[in-house]
2 protein chains.
Amino acid sequence: MSLARAYTNIALVKYWGKRDVAQMLPYNSSLSLTLDKFYTETSVEFTDQAEDQFIFEGQQQPVSAKLMRVLDDVRQLAGSQQKAQVKSHNHVPTSAGLASSASAFAALAVAASHAAGLELSRRELSILARHGSGSASRSLYGGFVLWHAGTDDQSSFAEPLSEQVDFPIAVIAVLVNQQQKSILSGAGMQAAVTSSPYYSAWVKTAEADISRMSAAIADQDIAQIGKLAETNAMRMHATTLSANPPFTYFAPETLQIWELVRQIRTKGLNCYLTLDAGPNPKLICHMQDVSKIVEILNAEIPNLTYTLCQPGPGAKLMTQ
Amino acid sequence: MSLARAYTNIALVKYWGKRDVAQMLPYNSSLSLTLDKFYTETSVEFTDQAEDQFIFEGQQQPVSAKLMRVLDDVRQLAGSQQKAQVKSHNHVPTSAGLASSASAFAALAVAASHAAGLELSRRELSILARHGSGSASRSLYGGFVLWHAGTDDQSSFAEPLSEQVDFPIAVIAVLVNQQQKSILSGAGMQAAVTSSPYYSAWVKTAEADISRMSAAIADQDIAQIGKLAETNAMRMHATTLSANPPFTYFAPETLQIWELVRQIRTKGLNCYLTLDAGPNPKLICHMQDVSKIVEILNAEIPNLTYTLCQPGPGAKLMTQ
């Protein structure tokens, strides 16, 4: 039995749109920060049982096509026919709103490949995780991570920009809405690709953001990182507003918080908002400003839940 | 003294972005419906007084650059040096949230040109009104109106598509927020033109929407008119979300109402949302569905104000 742990990540330059759905190749490169507050632990054991088995939080669940894809990849690389027993737990602060498939498939890639006796490089693990979920390719690494869009299966992988983060960047995850998303991220990006007249311009602007964001990270410039992340996120969300029919992941509370974030900036604090395919914002700021920012938010919107995150580590094997 | 009245209009294909700020030439053609519930009455008299005078709702106000521009145009056409006394009243149901410069400059163009002894064609009046406010070029006419973007001053004018509207289209104006807009429409469109990577695609999609919308109007297809209007409006608003820095005219309540509008559609009612450069939505529907729609909205959001509008008439002279 092999056990692995992987942390979730927040994209500062978003992954948004698949160029090749079967191969899970993205249209644009993306760049993320791995976070320290939420992780998935997954164990895998290959046995002579009749079928693959997936137990999530102690409950047997159907084996999804994506899970099967990763297990099949591993079996093919290992020349094995054995079926897998996969057990997975999410470790998440109550109501953090941080759950994602990124940590799940990164942990799966590490655990399953080790359980099959493979010794894959981190690049190979990143590609394997990508087959389950695009953003999982980034959760192989800690700190700031770049996922190269690539042009084919072997050239589309993530690599670390800086796994050790030596400056006080913080991410405040705000939970505004625990309702199930009405449009899942996969369906949303596909709708944007096929029906937004702005999609091709999105791809260009995101690629340009990669070098701007890399420079801001090298400069340890938290304000510039935040500014670029907010602009990039809103350009991603503009592709849903411009789809046919138009839709949005924003909840009313998302707009309230964005308005407060702009007010906070007028007080001289660096605070920027980013948002994935859901209504819960993540605020990018300096560690030293966190309590002031949360105080201001609390005074205006009393019933929100906040989770303070810092840069987190890469995926790792917990068994030897 | 010449007195004129002009009604406001709601754009179904939005005017968004000036190709030439001095000449008030737009990047794209736009298409509107003149509404019957809000109008401006303006009187103009040319006298031997020392300065132009502007009295709005009985109060003396500074003469804005735009007002001066229209008065100067009229003086030039009439070969006159006389100064103008301009008095203006807005007639608006309490809290309709419908005020705009469109009705104001359309009424001014009609009153001022007549007061100066000019006999301008409606096309000439449309161009004159455009010099004060782009959307005013459309309020010269009733019903459905097309403003040709044109390529120079004389080719950028509005003309009616159908002044008499023979089908039961209704517009419910919803007031969510009476606060002053933080970003005026002129500044917002300029920010989108200069900093959204999606702006050129907006111009293309808006021009394509003109022929689609004209066809839907010819077909008297209210659902298709609404669907195209909602998609066009959201593509306009996507240019603010993609600007640098990003911004939005949406208020939290705007999103709440849009979500309700989508729910209303699942009940089989045709109801679509459009929105100018501010938070107050206008809902496009059949007259027969108005009470059901307002009932559903009221049940969910009790404190909103609604104004039911139908197609309105063009600008006209009230004195002979």
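Residues numbered from 1 in each chain as written. Chains lettered and ligands numbered in written order. Predicted model: local features only at pLDDT ≥ 70, side-chain atom pairs only at ≥ 80, totals over all residues. Heavy atoms only, no water.

Could you give an account of the overall build of chain A, naming the residues involved and the relevant values?
For chain A, the helix and strand inventory stands at eight helices and 14 strands. What you see for chain A is a C-alpha radius of gyration of 19 Å, in line with the 20 Å of a compact globule of 320 residues. A sequence separation of at least 24 residues applies to 75% of the contacts in chain A between residues at least 6 apart. Carbon and sulfur atoms make up 48% of the accessible area of chain A, which amounts to about 12600 Å² in all. Of the charged side chains in chain A, 25 are positive and 28 negative, and the gap between their average positions amounts to 5 Å. (Helix = DSSP H or I, 4+ residues; strand = E, 2+ residues; numbered from the N terminus. Rg over C-alpha atoms; globule rule 2.2 N^0.38 Å. Contact = heavy atoms within 4.5 Å. Areas by Shrake-Rupley, 256 points an atom, 1.4 Å probe, with all protein chains shown as cover. Lys, Arg positive; Asp, Glu negative; His and termini not counted. Charge placed at Lys NZ, Arg CZ, Asp CG, Glu CD.)

Kindly report on the interface of chain B and chain A, identifying the contributing residues and their values.
The extent of an interface is frequently quoted as the accessible surface area lost upon association of the parts. Across the boundary between the two partners, chain B contributes 27 residues, which contact 27 residues of chain A. A combined buried area of about 2200 Å² lies between chain B and chain A, and 72% of that area is made up of carbon and sulfur atoms. It is B:Tyr198, B:Arg235 and B:Leu241 in chain B that bury the most area against chain A; as a group they hold 31% of the surface buried on that side. For the pair chain B and chain A, the interface holds zero salt bridges. At the junction of chain B with chain A, the criterion picks out six residue pairs in polar contact (both at pLDDT 80 or more). If you list the elements that add at least two residues to the side of chain B that touches chain A, you get helix 5 (199–218), helix 6 (222–241) and helix 7 (252–266) of chain B. Among the elements that make up the side of chain B that touches chain A, the one with the highest residue count is helix 6 of chain B (eight residues). Here the residues of the side of chain B that touches chain A are counted per class, giving 15 nonpolar, nine polar and three charged. (Buried area = accessible area lost by both parts, 1.4 Å probe. Salt bridge = Lys/Arg side-chain N within 4 Å of Asp/Glu carboxyl O. Polar contact = N/O pair within 3.5 Å; in protein donor to acceptor, adjacent residues only side chain to side chain. Nonpolar A, V, L, I, M, F, W, Y, C, P; charged D, E, K, R; others polar.)

Explain the nonpolar core to me, using residue names and the numbers behind them.
In terms of nonpolar packing, the biggest core is built from 190 residues, with A:Ile257, A:Leu283, B:Ile257 and B:Leu283 touching the most fellow members. Apart from the residues lying within four places of it in its own chain, the contact partners of B:Leu283 are B:Ala170, B:Val171, B:Ile172, B:Val174, B:Ile257, B:Val261, B:Cys271, B:Tyr272, B:Leu273, B:Ile293 and B:Leu297. (Core = buried A, V, L, I, M, F, W, Y, C linked by side-chain atoms within 4.5 Å. Buried < 20%, exposed > 50% of the residue type's maximum accessible area, 1.4 Å probe, protein only.)

Can you explain unusual backbone geometry? Please cite residues and give values.
With glycine set apart, most residues show a phi of negative sign, and most peptide bonds adopt trans. Cis rather than trans, the peptide bond between A:Asn244 and A:Pro245 has omega equal to 0°. Relative to the elements of secondary structure, A:Pro245 occurs in the loop between helix 6 (222–241) and helix 7 (252–266). With phi around 55°, B:Met24 is a residue other than glycine that occupies positive phi space. Within the element layout of this structure, B:Met24 appears in the loop between strand 2 (18–20) and strand 3 (25–26). With phi around 50°, B:Gln220 is a residue other than glycine that occupies positive phi space.

Which residues make up the environment of B:Arg69, and what values do they have?
Residue and element names in this part refer to chain B. With respect to the secondary-structure elements, Arg 69 resides in helix 1 (residues 65–78). By relative accessible area, Arg 69 is classed as partly exposed at 24%. For the pair Arg 69 and Pro 160, spaced 91 residues apart in the sequence, the C-alpha separation amounts to 25 Å. Sequence-distant contacts of Arg 69, defined by excluding residues within four places in its chain, comprise Ala 22 and His 131.

Just give me the short version of the relation of the copies chain B and chain A, but keep the residues and values in it.
Laying chain B over chain A is done by rotating through 180° and shifting 0.0 Å along the axis; what remains is an RMSD of 0.0 Å. In short, the pair behaves as if placed about a two-fold rotation axis. The fraction of interface residues of chain B whose copies in chain A are also interface residues reaches 100%, indicating that both copies meet through the same surface. (Least-squares fit on C-alpha atoms with pLDDT ≥ 70 in both.)

Let's hear about the domain arrangement of chain A: which residues, and what values?
Residues and elements named next belong to chain A. As far as domains go, chain A holds domain 1 (2–164) and domain 2 (169–309). For the pair domain 1 and domain 2, the summed buried area comes to about 2700 Å², and 72% of that belongs to carbon and sulfur atoms. Looking only at domain 1, the three residues that lose the most surface to domain 2 are Leu 12, Lys 14 and Trp 16, adding up to 31% of its buried area. Counting across the domain 1 and domain 2 interface gives one salt bridge. With a shortest N-O distance of 2.6 Å, Asp 276 and Lys 14 are connected by a salt bridge. Our enumeration of links across domain 1 and domain 2 arrives at 10 residue pairs in polar contact (both at pLDDT 80 or more). Mapped onto the side of domain 1 that touches domain 2, the elements with two or more residues apiece are strand 1 (2–13), strand 4 (30–47), strand 8 (144–147) and strand 9 (158–162). (Domains from an automatic or database assignment.)

Before we move on, can you summarise the pattern of salt bridges with the specific residues and values?
Evaluation of the coordinates by the stated rule reveals 22 salt bridges over all chains. B:Asp73 is the salt-bridge partner of B:Arg69, the closest N and O atoms lying 3.6 Å from each other. With B:Arg69 and B:Asp73 both in helix 1 and four residues apart, this pair spans about one turn of that helix. Note on B:Asp73: relative accessible area 15%, which makes it buried. In the salt-bridge network here, residues are joined through shared partners; they are A:Asp52, A:Asp72 and A:Arg75.

Summarise the side chain of B:Thr34; cite the residues concerned and give the values.
Residues and elements named next belong to chain B. Looking at the secondary structure, you find Thr 34 in strand 4 (residues 30–47). For Thr 34, a relative accessible area of 0% puts it in the buried group. Among the polar contacts listed, one links the side chain of Thr 34 to the backbone oxygen of Tyr 141, at a separation of 2.7 Å. Residues in contact with Thr 34, not counting those within four places in the same chain, are Tyr 7, Thr 8, Asn 9, Arg 138, Tyr 141, Gly 142, Gly 143, Val 145, Gln 310, Pro 311, Gly 312 and Pro 313.

Would you mind going over the pairing of strand 8 of chain A in detail, with residue names and values included?
Residue and element names in this part refer to chain A. Here strand 8 shows two buried faces, one formed by Phe 144 and Leu 146 and the other by Val 145 and Trp 147. Pairing of strand 4 with strand 8 involves four bridges; the strand directions are antiparallel. In the sheet register, Ser 32 faces strand 8, and the bridge partner there is Val 145. The sheet contact formed by strand 8 and strand 9 spans four bridges and is antiparallel. From the neighbouring strand, Trp 147 faces strand 9, where its bridge partner is Ala 158. (Pairing = 2+ DSSP bridges.)

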